[in-house]
Amino acid sequence: AQSVTQPDIHITVSEGASLELRCNYSYGATPYLFWYVQSPGQGLQLLLKYFSGDTLVQGIKGFEAEFKRSQSSFNLRKPSVHWSDAAEYFCAVALSGYSTLTFGKGTMLLVSP
Amino acid sequence: EAQVTQNPRYLITVTGKKLTVTCSQNMNHEYMSWYRQDPGLGLRQIYYSMNVEVTDKGDVPEGYKVSRKEKRNFPLILESPSPNQTSLYFCASSSRTGQRRDTQYFGPGTRLTVL
C-alpha cells in the first residue's frame, strides 16, 4: 500500500527566509502528488499538484514543488516566507485525482519575526 | 461560488445518539469522500463514492455509514457514536472530467465531540 512520510513534525523559519518541507512517498508507480495547506481552524486548500510533465510545479502563494522520481520525493519550497504562511502543510498521493488520497501526518510551520 | 459545504460545523453529542453530518457540493462532481483528521495521524479516508448509488469503504470505515442518493449530497451517518469518533471530519469532492478534474476540493470541516 502507498504511504507518505513527512519527516518533520514542526519547522520554525524566520520571516523572509527560505523554506523547504520534505515529502517522501512509497508507491509502485508514479502517483499523483499534492500539497495542501491548513490554516488554523480552516479547511484544506490545494497549493499545487503534479500529475506528469515538468517536474517543477508552481502553485499558489509563491510555493513550488519538485518531483524527483529517483528519490521518491516531492518537496515543497518557498524562497521567502511570510508570517501568514504559518500553518500545517500536508503532502498527499493518489492513484488518480479522484481516488483515495493518502496523506502524510503533516508538518506544522511556525514563522518567527 | 464553487464550494463544498458541511453542516454542522461543530457538534457535541453523547455516546449512542445517532447523528448525521451533511455534505453538499455545487460543482456537479462525481466523486465524493469523507476523511477524519486526528492529531499526529493526518487525514484518513472513511468512505468514498464514485457516483450516485456507488459507495465504498476507505481506510477507517468502522462505525460509519454513508449514502449517495443524489449527486450533490453525501451525508455521513454515525448510528451509535462513541468517544473514539471524536475528530475533525472533512468532506471532499472531485470531478472525473473537464478542466477541473483530478483535484479534490475540501469542505470547511466538522468538529465532532462525543462525550
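Residues numbered from 1 in each chain as written. Chains lettered and ligands numbered in written order. Predicted model: local features only at pLDDT ≥ 70, side-chain atom pairs only at ≥ 80, totals over all residues. Heavy atoms only, no water.

Caption draft 1: Up close: unusual backbone geometry. Residue and element names in this part refer to chain B. The omega torsion of the bond from N7 to P8 falls at -5°, within 30 degrees of zero and hence cis. With respect to the helices and strands, P8 occurs in the loop between β1 (4-7) and β2 (10-13). The phi dihedral of N28 is positive, around 60°, even though this residue is not glycine. Note on placement: N28 falls in the loop between β3 (19-25) and β4 (31-38). (Helix = DSSP H or I, 4+ residues; strand = E, 2+ residues; numbered from the N terminus.)

Caption draft 2: Region of the structure containing the interface of chain A and chain B. Taken together, the contact between chain A and chain B spans 21 residues of the former and 23 residues of the latter. Counting each side, the surface lost to burial between chain A and chain B is near 1,600 Å², with a carbon and sulfur contribution of 54%. Here chain A and chain B share three residue pairs in polar contact (both at pLDDT 80 or more) between them. For the side of chain A that touches chain B, the elements supplying multiple residues, two or more each, are β5 (32-38), β6 (44-50) and β10 (87-94) of chain A. Ranked by residue count, the leading element in the side of chain A that touches chain B is β5 of chain A, at four residues. Residues belonging to the side of chain A that touches chain B are distributed by class as follows: ten nonpolar, eight polar and three charged. (Contact = heavy atoms within 4.5 Å. Buried area = accessible area lost by both parts, 1.4 Å probe. Polar contact = N/O pair within 3.5 Å; in protein donor to acceptor, adjacent residues only side chain to side chain. Nonpolar A, V, L, I, M, F, W, Y, C, P; charged D, E, K, R; others polar.)

Caption draft 3: Inspection of the nonpolar core at higher detail. Core analysis: the largest hydrophobic core is formed by 26 residues, its most contacted members being L19, W35, L47, L48, F74, L76 and Y89 of chain A. Elements represented by at least two residues in this core include exactly β2 (10-14), β3 (19-21), β5, β6, β8 (64-68), β9 (73-78), β10 and β12 (107-112) of chain A. With four residues, β10 of chain A is the single largest residue contributor to this core. Counting residues in hydrophobic clusters, the runner-up holds 19 residues, among them V21, L78, Y89 and V114 of chain B. (Core = buried A, V, L, I, M, F, W, Y, C linked by side-chain atoms within 4.5 Å. Buried < 20%, exposed > 50% of the residue type's maximum accessible area, 1.4 Å probe, protein only.)

All quantities given are derived from atomic positions and should not be read as evidence of function.
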